[in-house]
There are 6 protein chains.
Amino acid sequence: MIKKIIYPGTFDPITLGHLDLIKRAIDIFDGLIVAVASNPHKNPLFSFSERISMLKEATKGIDNIEIDSFEGLLIDYVRSKRCNIVLRGIRAISDFEYEFQMVLSNRKLASDIETILMMPSENYSYLSSKIIKEMASLGADLGDFVPSIVEKKLKEKLLKNKR
Amino acid sequence: MIKKIIYPGTFDPITLGHLDLIKRAIDIFDGLIVAVASNPHKNPLFSFSERISMLKEATKGIDNIEIDSFEGLLIDYVRSKRCNIVLRGIRAISDFEYEFQMVLSNRKLASDIETILMMPSENYSYLSSKIIKEMASLGADLGDFVPSIVEKKLKEKLLKNKR
Amino acid sequence: MIKKIIYPGTFDPITLGHLDLIKRAIDIFDGLIVAVASNPHKNPLFSFSERISMLKEATKGIDNIEIDSFEGLLIDYVRSKRCNIVLRGIRAISDFEYEFQMVLSNRKLASDIETILMMPSENYSYLSSKIIKEMASLGADLGDFVPSIVEKKLKEKLLKNKR
Amino acid sequence: MIKKIIYPGTFDPITLGHLDLIKRAIDIFDGLIVAVASNPHKNPLFSFSERISMLKEATKGIDNIEIDSFEGLLIDYVRSKRCNIVLRGIRAISDFEYEFQMVLSNRKLASDIETILMMPSENYSYLSSKIIKEMASLGADLGDFVPSIVEKKLKEKLLKNKR
Amino acid sequence: MIKKIIYPGTFDPITLGHLDLIKRAIDIFDGLIVAVASNPHKNPLFSFSERISMLKEATKGIDNIEIDSFEGLLIDYVRSKRCNIVLRGIRAISDFEYEFQMVLSNRKLASDIETILMMPSENYSYLSSKIIKEMASLGADLGDFVPSIVEKKLKEKLLKNKR
Amino acid sequence: MIKKIIYPGTFDPITLGHLDLIKRAIDIFDGLIVAVASNPHKNPLFSFSERISMLKEATKGIDNIEIDSFEGLLIDYVRSKRCNIVLRGIRAISDFEYEFQMVLSNRKLASDIETILMMPSENYSYLSSKIIKEMASLGADLGDFVPSIVEKKLKEKLLKNKR
């Protein structure tokens, strides 16, 4: 049986920390589906299709990976893919508390779906999409934080917003 | 002397975790006033009167309880009820930090009013009104998380919002 | 019905933080029993009887208080006193985690006994019996941290240990 | 390829929380090796062989599980079993900090070995082997906390210690 | 060489906790620049110039202090002042996590700039500009929380908002 | 006026994290005194003189540094050196809580002495002397964690202990 794991998130935008986690998970599982949540109520900087296309570009050349997207409840999506394992990254205490709430809530809704947590490299432990967007809007050079495609798109997006 | 305790909150909406705490507190104190804060700046999903009426429905049959509401400072309300004890629930570290700030700030404003903290059952330790509203908007079945009156009202509310 | 609350601990030795909490609790409840746990496996600095006698001295003049002691399980002691409420102080995250474990474990053993948590004044939020004993052994002046009887006994005890 | 995961620990003694995690992991991976660390410097209550035999008894009837033991470095043991995935349970913030240190230290020593974290059911989130041993020594009824074999052995052990 | 340190923040508005930290830092360093960040995306209650003028008023009579302001990246501002040390206050775990992220992100952007953290007095450990604004909007007396100039301006501002 | 800062600790043994912090602090202050606390009650692995001599060896070639030692209260030592600033490293939440207690306790004992906190590089954020000693006793290769002199001394010490 092939064991695929689903890595859901907003990915607004993907960072080097996300990419690090993706590579670690692919070493363990037979396949990985990165599932971009539409999350319109979070008011993302990048559109749904921009986030998906940056992920595809940034993960080019990685085997056994699929970039997908979903709307609605995560557990419904996971079942629709005939998977039962969800991956979440954990870097800090505040992550831990939020993931704790989500893991237990999701278990109540779907006891057949399990969540595993993994840690990115300590080199990315401080990265957050939120801080990256703030820094980008102030003109920071983000080459150490995001894939090059994201760096380029962030500049374009913020230029357009300023006009 | 009858010792009443006041349990303030936004209750947007009441969860099974709130209800669990209410029952535990009533076993200890002579009476409990659940005090719904108007909190218009928090932009609640349910109106002030909806939140109050769901609380009344969900606590029907519980003795020694009063459902009330207030605007303005909590300490002014507590004094107006001739009480001096406030109850707050605590589930997680982030709760702890916020309650710590509120307890100490309120003590500076009113040294005669004391706050006590209680923990809900571990079965509800992961519940938050915020996550419940997110899940409801995505169509989740919330029977394990909220009283049945709330489940019904959440469905009506979200249907109306979608139209 | 008179509502008494039980405040258990090792009190090795009692600090101004404990005393602050005792005074706050007595304003809320009809009576308070401070219950010194023997805890021989914790290898306390002061003997069981020394800890009890310092507590009695430090709480002289406070009404509605009883200094008692117990061995064995807290819940058995609480029942033997016909009480059902336990008080615990909470100052910091590490306290919170430990109390969380104890509250939930004790509930499983005795669902009729409830624990409430209260915070000492911010002026004592940093006090711990462990740090106080360390500082005393290095010769610090502890007048801001412990009742005067404890300051005196700490000096005697440490002098004796040095000889 | 068969993917086995190694779940190391002191298991002094195994709790219902450990057992819950074992069952969750077996649903995800093809096989699980529970690896008891000798850890003589931790001064365990139960001997190495007692801990192993209680684990065997408590996991009887579970498929795809192996109870094993090791001395020395975890990473050396993991390699000797031709595995590359380690499982650790995570219940609380203090767990999180310790596991964070261990995951990153182990990665520096062996970059080919990855650790995943899973959460036990909220019903066991408060259990710790340390508190269980304390409670057992005070005579508590531990049927809700440990497998029945452990409850029996704890009573025998503590009786022997008292004599 | 004169060592100046830069203390950046939104200061919306300055509290007695900020003032406490300023005084502690001036005792250690040769000079301090309080740098108000414009932060328009944070939607501050007070305008950029109001925040600067309240800071000037509240720090009148303190030597070796300069009140300044900046837009854009903190590290660019720090370099433009020929400084290399940044001061940040830390009161609570949530502060710690955010500062941790900012310190490490800023180091990646500018390895020559270092951040030091200091703690305000325990008397101000619970103060936050956010809670102060909430309490002010409900009519609380804030004399124990903010400098008198801020108390006056908060009342004016909130009166104007109500009209 | 020359501003020296004192960096106290047990240093049992010095790690690359300590060394990283030392280098960061020397860039900011005019001089740094690393002060080894005797701490006999902590039962250190290395003797007082071994810890001092490893520190001297590991910091050879660094300017403006002095390796010193003290017994008794930190504040008495700081005053005896005519300093008023203490440096402490902070890596994790548990560090934060302990440092918080020490900073506030020391301030009560000596209001003229201030503590500043700095973070090591994220590359060393997970290092602790305790885990390093555990790993060394199990035979781990510690070249990424400690200076080479410490690696050598750890091997010698542990060989001697085994004989």
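See the structure printed just above.
Before going into details, it helps to say that this report is about the structure given with it. For every chain, the first residue of the written sequence is number 1, and numbering continues from 1 along that sequence. By the order in which they are written, chains take letters starting at A while ligands take numbers starting at 1. Given that this is a predicted model, residues contribute local features only at a pLDDT of at least 70 and side-chain atom pairs are listed and counted only at 80 or more, while totals for whole chains, interfaces and linings are drawn from all residues. Side-chain calculation: all heavy atoms of the structure are included, whereas hydrogens and water are not.

Quick look at the packing of aromatic side chains
Only centres within 6.5 Å qualify two rings of Phe, Tyr or Trp (six-membered ring in Trp) as a pair; their planes then separate them into stacked at under 30 degrees, edge-to-face at over 60, and tilted for everything else. Across all of its chains, the model carries 21 aromatic pairs over all chains by this definition. Taking 5.3 Å as the distance between ring centres and 85 degrees as the angle between the ring planes, the aromatic pair formed by Tyr7(A) and Phe11(A) counts as edge-to-face. Both residues of the pair, Tyr7(A) and Phe11(A), count as buried. Where Phe70(E) meets Tyr77(E), the ring centres are 4.9 Å apart and the plane angle is 20 degrees; that geometry is what we call stacked. Under the scheme applied here, a residue whose accessible area is under 20% of the maximum for its type counts as buried, over 50% as exposed, and between as partly exposed, the area being computed with a 1.4 Å probe on protein chains only. Look at Phe70(E) and you get buried, because its relative accessible area is 8%.

Concerning the side chain of Ser105(E)
Segments assigned H or I by DSSP are reported as helices when at least four residues long, segments assigned E as strands when at least two residues long, and all are numbered from the N terminus. Relative to the elements of secondary structure, Ser105(E) occurs in helix 4 (residues 93-109). Relative accessible area serves as the criterion here: at 2%, Ser105(E) is assigned to the buried category. Looking at Ser105(E), its side chain comes within polar contact range of the main-chain oxygen of Gln101(E), at 2.8 Å. Once residues within four sequence positions are removed from consideration, Ser105(E) is found in contact with Tyr126(A), Ile131(A), Met135(A) and Phe145(A). Distance and chemistry together define a polar contact, namely a pair of N or O atoms within 3.5 Å, with one atom able to donate a hydrogen and the other to accept it when in protein, and with adjacent residues in sequence counting only for side-chain atoms on both sides. Two residues form a contact once any of their heavy atoms are found within 4.5 Å.

Brief notes about the side chain of Asp95(D)
Relative to the elements of secondary structure, Asp95(D) occurs in helix 4 (residues 93-109). Among all residues touching Asp95(D), those that are not within four sequence positions of it are Gly89(D) and Ile90(D).

Some remarks on empty space enclosed by the protein
The method works on a 1 Å grid over the protein atoms by themselves. A cavity is a set of points holding a 1.4 Å probe that cannot get out, a pocket is an open set with protein on both sides within 12 Å along at least five of seven lines, and residues with an atom within 4 Å of a point line them. Grid points are joined across faces, edges and corners, and a volume is the space filled by probe spheres set on the points. Evaluation of the coordinates by the stated rule reveals 4 cavities of 30 Å³ or more. Approximately 250 Å³ is the volume attributed to the largest cavity. Lining the largest cavity are 17 residues, and of these Phe100(B), Arg91(C), Ala92(C), Arg91(E) and Phe100(F) lie nearest its centre. When residue character is reported, Ala, Val, Leu, Ile, Met, Phe, Trp, Tyr, Cys and Pro are called nonpolar, Asp, Glu, Lys and Arg charged, and the others, Gly included, polar. Taken together, the residues of the lining of the largest cavity sort by class into 9 nonpolar, 4 polar and 4 charged. The wall of the second largest cavity is formed by Lys3(B), Ile28(B), Phe29(B), Asp30(B), Lys3(C), Ile28(C), Phe29(C) and Asp30(C). Along the lines of polarity and charge, the residues of the lining of the second largest cavity split into 4 nonpolar, no polar and 4 charged.

A look at the interface of chain F and chain D
Residue-level contacts link 17 residues of chain F with 13 residues of chain D. Both sides together, the interface formed by chain F and chain D hides about 1,300 Å², and carbon and sulfur atoms give 65% of it. Within this document, salt bridges are pairs made up of a side-chain nitrogen of Lys or Arg and a carboxyl oxygen of Asp or Glu, the two lying within 4 Å of each other. Our count for the chain F to chain D interface comes out at 0 salt bridges. When residues of the side of chain F that touches chain D are traced back to their parent elements, those giving at least two are helix 4 (93-109) and helix 5 (129-137) of chain F. For the side of chain F that touches chain D, the element with the most residues is helix 5 of chain F, which contributes 3 residues. Across the side of chain F that touches chain D, the residue classes break down as 9 nonpolar, 4 polar and 4 charged. As used here, buried area is the combined drop in accessible area, with a 1.4 Å probe, of two parts when they are placed together.

Considering the relation of the copies chain E and chain F
Our superposition of the copies is a least-squares fit, built on the C-alpha atoms of residues whose pLDDT is at least 70 in both. The transformation that overlays chain E on chain F combines an axial shift of 0.0 Å with a rotation of 180 degrees, and the residual RMSD is 0.0 Å. The superposition operator between the copies reduces to a two-fold rotation axis. Measuring from the rotation axis to each C-alpha of chain E, the shortest distance belongs to Leu117(E), at 2.5 Å. Comparing contact sets, 100% of the residues at the interface of chain E also lie at the interface in chain F, consistent with an isologous, same-surface contact.

Some details on helix 4 of chain D
Helix span, expected: 1.5 Å multiplied by one less than the number of residues in the helix. With 17 residues, helix 4 of chain D ought to run about 24 Å at 1.5 Å a step, and its terminal C-alpha atoms sit 25 Å apart, in line with that. Taking burial as the measure, the 17 residues of helix 4 of chain D include 14 buried ones, the bulk of the element.

Comments concerning unusual backbone geometry
Omega for the bond connecting Asp12(B) with Pro13(B) falls within 30 degrees of zero, at 0 degrees, which places this linkage in the cis form. Considering the arrangement of structural elements, one finds Pro13(B) in the loop between strand 1 (4-9) and helix 1 (16-28). Non-glycine residue Asn64(A) carries a positive phi angle of around 60 degrees. For Asn64(A), the position within the fold is in the loop between helix 2 (48-58) and strand 3 (65-70).

Brief notes about the environment of Asp141(A)
All names here are of chain A. Along the chain, the position of Asp141 falls in the loop between helix 5 (129-137) and helix 6 (148-162). With 14 residues separating them along the chain, Asp141 and Lys155 place their C-alpha atoms 9.8 Å apart. Among the polar contacts listed, one links the side chain of Asp141 to the backbone nitrogen of Gly143, at a separation of 3.3 Å.

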